[in-house]
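# Survey of secondary and tertiary structure
Listed below are the residues making up each chain.
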2 protein chains.
Amino acid sequence: MKTLGIITEYNPFHNGHLYHLCKAREITGVDYVVAVMSGNFLQRGEPAIINKWARTKMALNAGVDLIIEIPFVFSTQDANGFAFGAIKLLDSLQIIDYLCFGCETDNLDTLYSIGNFLNIEPQKYKDLIVCNSKNGYEFPKARSQALCEYHMIFGIHGLEKISSSELNKLLKYPNNILALEYIKHLLNLKSKIKPVAIKRMGASYHQKNITGNISSATSIRNEILNNLSSSKTDLFMLNDKIKSTIPSSGFPVLEKELREGRGPITLDSYRQYILATLRRMSSEDISRIHGVTEGLENRIKKASLKSYTVEQLINSIKTRRYTRTKIQRIILHLMMNLYKEDITIFNKCGPLYARVLGFSKKGKTLLRTIKKKSSTPLISKLSNYLRQIISEENNNVRNRLIKMLDYDILATDIYVLGNKKAEDRVARLDFTHKIVIKKD
Amino acid sequence: MKTLGIITEYNPFHNGHLYHLCKAREITGVDYVVAVMSGNFLQRGEPAIINKWARTKMALNAGVDLIIEIPFVFSTQDANGFAFGAIKLLDSLQIIDYLCFGCETDNLDTLYSIGNFLNIEPQKYKDLIVCNSKNGYEFPKARSQALCEYHMIFGIHGLEKISSSELNKLLKYPNNILALEYIKHLLNLKSKIKPVAIKRMGASYHQKNITGNISSATSIRNEILNNLSSSKTDLFMLNDKIKSTIPSSGFPVLEKELREGRGPITLDSYRQYILATLRRMSSEDISRIHGVTEGLENRIKKASLKSYTVEQLINSIKTRRYTRTKIQRIILHLMMNLYKEDITIFNKCGPLYARVLGFSKKGKTLLRTIKKKSSTPLISKLSNYLRQIISEENNNVRNRLIKMLDYDILATDIYVLGNKKAEDRVARLDFTHKIVIKKD
């Protein structure tokens, strides 16, 4: 019995994801597929276009057997923090044999060598990053550049056949960056999970317009948003262009959510809350939030006063050094009061539980195996679980656990305030929403 | 040269206000009228239906000569705190001869005797309030009841001809309560301002539907809100029923504001901000906010989770003891992070400045006189004033001043987020909006 693990956001689930899933099954010949998926807020610092349960349904319909939520405090971190949370979570299940990820190259040896280098992180490489950051480069660029420079000067073990400019090109793709972080953390954890790279098909990650049956999630989201603003009726119908990019098993789920006003959710859905919160907070308060580095608090405060959309807000804060995604992540953490000191603690311990979002019939078998093999608590009913952990004797463990869970619960409580229908805005859905179960 | 002072909210300015204005001029024979007016947030714990500058314009058009803003920290307090701020502000101008207020009785002797009693506040009366509060009565009722009981047992000086039940009836009207608070604070300050009671005409304060040319502000606001929800076009037209209750000099101002989407503003205009903020705050954080008395923080927190409108939120918190207006005030203070300790400081010092919202030609003369006679700084241009007070040597005075002003500025920054058009949501209007000047 072999099991595949994947790290996903499925925002929304599209043909590219389906291709990845089929290809991964084909290559590994596994019997089961487990996905760890971001909840309502994502790695790029945005809310998901539809909520986590609908996205779970789309994934189950496409053949994933079990879906576990990546806790908010990891799903909204940068590539390193996100990968750490996702890998640690997958590894802790103790049943995963392979990790398949999509990237622009399928040369695993190259990825391995770089991942290994990133895990070792020699002092001279770290110095180069600091030096490049001082030159005003945004962090991802400063890091890539340092990597290339190090390779040029000292050479990286295993990359003898690759030039510095080839390396530079490889580091330009967000999916490659994530893949490298996955490998780095697998190595760091000495995990038994075997990484498998699957070359991406169809449109590139950055593609803004729909180009074919396999189109980027970005282009699909854009098309959904355009479709919405041009629609004059209350009945939300998705156009054929969008339909052609989504598997037929998932399309009705997406359409239903949008028709019922539970999407498309964007950061601007929280415009009033974000702007009012920032206008009210002092720069000093803002500086305590995770991701706010020195001086940025004043920029954020100032921008909140002159902006009246979230787009304007982001554009006013953005500089060469602070990327859009970094700022979006900060906005999420501001919305949630996620402080620097909390992240420091969470990044030491990793995910402390595995919350089940949904499973298929086969997934049920998996759950039994996880329960036997893994020491990470598997949460299916939140209220039961909370009752149970009150008896945990170690105060530190208990408090950390409750705090991590509280962020997930609050994330949903805030997320639902973007829904159109009043009754869909009620809180505590993490307690009342049922796990998504696929029966056949 | 005689000057009349009035304490107002003008939400919006209507025929009843005009009647009050004419009657007050007639009785006192004054040359000038000065109004101190709540800014964007009001004593009943609600945002004003249109902003303070538009309401200023309506008042100037109707013949008020000078309008001064009651600082947020006083305008959103209970009757006692509101009256204290308003009376102290009026008195500090050093040019006011009369204070005219509308109430259900014009028997000034009776009001005086009660006001005097409230100012003295014998210990036995205070004990009776505590006793009634313990019986679960909301504070205003506990206080009225204590007053009647005291009168019945010990007798109140000057009220010999009034029975306890007549007194009870008199205390049922919010405008009488406010009038008593005004008199109490005038006496307490040993003010030279002479109070004049004007019996209210037309509809009662609590009237919910428009009944004639003089209708309650509540009924006019209700009609505006109903009119809005039934309007199917983008063009906002007010119906004739509303038109008949508003002076013709002010009607176009009101209509323009509503047509351009700067109203009608209600607490529910801030639904997302209020609900998200409460869901995010811990009960402990909530308990620090002004007005939150013991145990109420848990009720508020719980209500925020099950509510999806502000109306639901208020209804879930409300009890016999905690009135709707008290809860609405708490919601405002939550939106603004107005803490208990801040109010304690502000209630010791009173308003520290007089901010001019607008003036007529005659009002300009008044401003010159105030500048000569009053030691309270008169603010017309906020940025100039802030530059000036940086040089204030007493740290305590400077900090208090800046803090009080900061709440006014923030109140507007939050208020504008209820506007329909994006560009009307920009912040810092207190710095950029011009004083309203009536030239003829």
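Residues numbered from 1 in each chain as written. Chains lettered and ligands numbered in written order. Predicted model: local features only at pLDDT ≥ 70, side-chain atom pairs only at ≥ 80, totals over all residues. Heavy atoms only, no water.

Under an unreviewed UniProt entry, the name given to chain A is tRNA(Met) cytidine acetate ligase, and the source organism is marine sediment metagenome.

This part covers the overall build of chain A. Each helix and strand counted, chain A has 22 helices and eight strands in total. Its C-alpha radius of gyration of 21 Å places chain A within 12% of the 22 Å reference for a compact globule of 440 residues. Considered along the principal axes of its C-alpha atoms, chain A spans approximately 60 × 60 × 55 Å. Classification of the 440 residues of chain A by burial places 57% in the buried group. Here the analysis covers contacts within chain A between residues at least 6 apart in sequence; of these, 73% occur between residues at least 24 apart. Per element, the accessible surface of chain A, about 19000 Å² overall, is 49% carbon and sulfur. The positive charge centre, built from 66 side chains, and the negative charge centre, built from 42, are 1 Å apart in chain A. (Helix = DSSP H or I, 4+ residues; strand = E, 2+ residues; numbered from the N terminus. Rg over C-alpha atoms; globule rule 2.2 N^0.38 Å. Buried < 20%, exposed > 50% of the residue type's maximum accessible area, 1.4 Å probe, protein only. Contact = heavy atoms within 4.5 Å. Areas by Shrake-Rupley, 256 points an atom, 1.4 Å probe, with all protein chains shown as cover. Lys, Arg positive; Asp, Glu negative; His and termini not counted. Charge placed at Lys NZ, Arg CZ, Asp CG, Glu CD.)

Residues and elements named next belong to chain A. Throughout the structure, instances matching the rule amount to 20 aromatic pairs over all chains. Aromatic pair Phe 74 and Phe 84: ring centres 6.0 Å apart, planes at 65 degrees, arrangement edge-to-face. You can see Phe 74 sitting in helix α3 (residues 72-75) and its partner Phe 84 sitting in helix α4 (residues 79-92), a full 10 residues away along the chain. On the basis of relative accessible area, Phe 74 is assigned to the buried category, the value being 0%. A relative accessible area of 13% places Phe 84 in the buried class. (Phe/Tyr/Trp six-rings, centres within 6.5 Å; stacked < 30°, edge-to-face > 60°.)

Turning next to the domain arrangement of chain A. Size of an interface: often given as the accessible area lost when the parts come together. By the assigned domains, chain A splits into domain 1 (1-104 + 173-263 + 351-440), domain 2 (108-172) and domain 3 (267-344). Computed over C-alpha atoms, the centres of domain 2 of chain A and domain 3 of chain A are 30 Å apart. (Domains from an automatic or database assignment.)

What follows deals with a positive patch on the surface. On the surface, a cluster of positive charge is made up of B:Lys192, B:Lys364, B:Arg368, B:Lys371, B:Lys372 and B:Lys373. Secondary-structure assignment places B:Lys371 in helix α19 (residues 361-373). (Patch = residues over 30% accessible without salt bridge, like charges linked within 9 Å, V, L, I, M, F, W, Y side chains within 5 Å. Salt bridge = Lys/Arg side-chain N within 4 Å of Asp/Glu carboxyl O.)

This paragraph deals with the interface of chain B and chain A. Across the contact, 28 residues belong to chain B and 28 residues belong to chain A. Roughly 2500 Å² of surface becomes buried between chain B and chain A when both sides are summed, with 59% attributable to carbon and sulfur atoms. The largest share of the area that chain B buries against chain A comes from B:Gln272, B:Arg279 and B:Arg280, three residues that together contribute 30% of it. Along the contact surface separating chain B from chain A lie zero salt bridges. Remark: the boundary between chain B and chain A carries 12 residue pairs in polar contact (both at pLDDT 80 or more). Among the elements of the structure, α13 (271-280), α15 (296-306) and α21 (395-415) of chain B are those that each provide at least two residues to the side of chain B that touches chain A. Considering each element in turn, the side of chain B that touches chain A owes the most residues, eight residues, to α13(B). Along the lines of polarity and charge, the residues of the side of chain B that touches chain A split into 15 nonpolar, five polar and eight charged. (Buried area = accessible area lost by both parts, 1.4 Å probe. Polar contact = N/O pair within 3.5 Å; in protein donor to acceptor, adjacent residues only side chain to side chain. Nonpolar A, V, L, I, M, F, W, Y, C, P; charged D, E, K, R; others polar.)

A word on the packing of helix α6 (residues 123-134) of chain A against helix α7 (residues 139-153) of chain A. Residues and elements named next belong to chain A. Between α6 and α7, the shortest axis-to-axis distance is 8 Å and the interhelical angle comes to 135 degrees. In terms of axis orientation, α6 runs oblique to α7. For the crossing formed where α6 meets α7, the hand is right-handed. For the pair formed by α6 and α7, the contact residues are Lys 124, Tyr 125, Leu 128, Ile 129, Asn 132 and Ser 133 on the first element and Phe 139, Ala 142, Arg 143, Gln 145, Ala 146, Leu 147, Glu 149 and Tyr 150 on the second. (Axes fitted to C-alpha atoms, helices over the stretch in contact; angles between N-to-C directions. Parallel < 35°, antiparallel > 145°, perpendicular 65-115°, else oblique. Left-handed = near helix turned anticlockwise from the far one by under 90°.)

What follows concerns the pairing of strand β2 (residues 32-38) of chain A. Residue and element names in this part refer to chain A. Burial runs high along β2: seven of the seven residues are buried. Residues Tyr 32, Val 34, Val 36 and Ser 38 point to one face of β2 and Val 33, Ala 35 and Met 37 to the other, with burial holding for every one of them. Here six bridges tie strand β1 (residues 3-8) to β2, and the two strands are oriented parallel to one another. Looking at the pairing, Thr 3 lines up with Tyr 32 of β2. Read as a crossover between parallel neighbours, the route from β1 over helix α1 (residues 15-28) to β2 is right-handed. Pairing analysis gives five bridges linking β2 to strand β3 (residues 66-70), with the strands arranged parallel. Across the sheet, residue Val 36 finds its bridge partner in β3, namely Ile 68. On the question of chirality, the crossover connecting β2 to the parallel β3 by way of helix α2 (residues 52-61) is right-handed. (Pairing = 2+ DSSP bridges. Right-handed = clockwise from strand over helix to strand, strands pointing away.)

What follows covers the relation of the copies chain B and chain A. If you rotate chain B by 180 degrees and push it 0.0 Å along the axis, it lands on chain A with an RMSD of 0.0 Å. The transformation just described matches what one would write down for a two-fold rotation axis. Judged by C-alpha distance, B:Tyr273 is the residue of chain B that lies nearest the rotation axis, at 2.2 Å. Same-surface contact between copies: 100% of interface residues of chain B are shared with the interface of chain A. (Least-squares fit on C-alpha atoms with pLDDT ≥ 70 in both.)

Residue and element names in this part refer to chain B. Here Asp 127 lies in helix α6 (residues 123-134). The exposure class assigned to Asp 127 is partly exposed, which follows from its relative accessible area of 41%. Along the sequence, Asp 127 and Arg 368 sit 241 residues apart, while their C-alpha atoms lie 48 Å from each other.

All names here are of chain B. The end-to-end C-alpha distance of helix α17 (residues 324-335), which contains 12 residues, comes to 17 Å, matching closely the 16 Å that a straight helix rising 1.5 Å per residue would cover. For α17, the buried fraction is high: 10 of the 12 residues fall into the buried class. Turning to α17, its buried residues number three or more, namely Thr 325, Ile 327, Gln 328, Arg 329, Ile 330, Ile 331, Leu 332, His 333, Leu 334 and Met 335. (Expected span 1.5 Å × (residues − 1).)

Here the focus is the pattern of salt bridges. Going through the model one piece at a time under the given rule, you end up with 36 salt bridges over all chains. The partner of A:Arg262 in a salt bridge is A:Glu260, with the nearest N and O atoms 2.7 Å apart. Here B:Asp430 makes a salt bridge to B:Lys52, at a shortest N to O gap of 2.9 Å. A residue pair is termed long-range when its members are at least 10 positions apart, and B:Asp430 in helix α22 (residues 429-432) and B:Lys52 in helix α2 (residues 52-61) qualify at 378 residues.

Once that is clear, we can look at unusual backbone geometry. For the peptide bond that leads from A:Asn11 to A:Pro12, omega is -10 degrees, which places it in the cis range. A positive phi angle, close to 45 degrees, is found at B:Tyr10, a residue other than glycine. Structurally, B:Tyr10 is set in the loop between β1 (3-8) and α1 (15-28).

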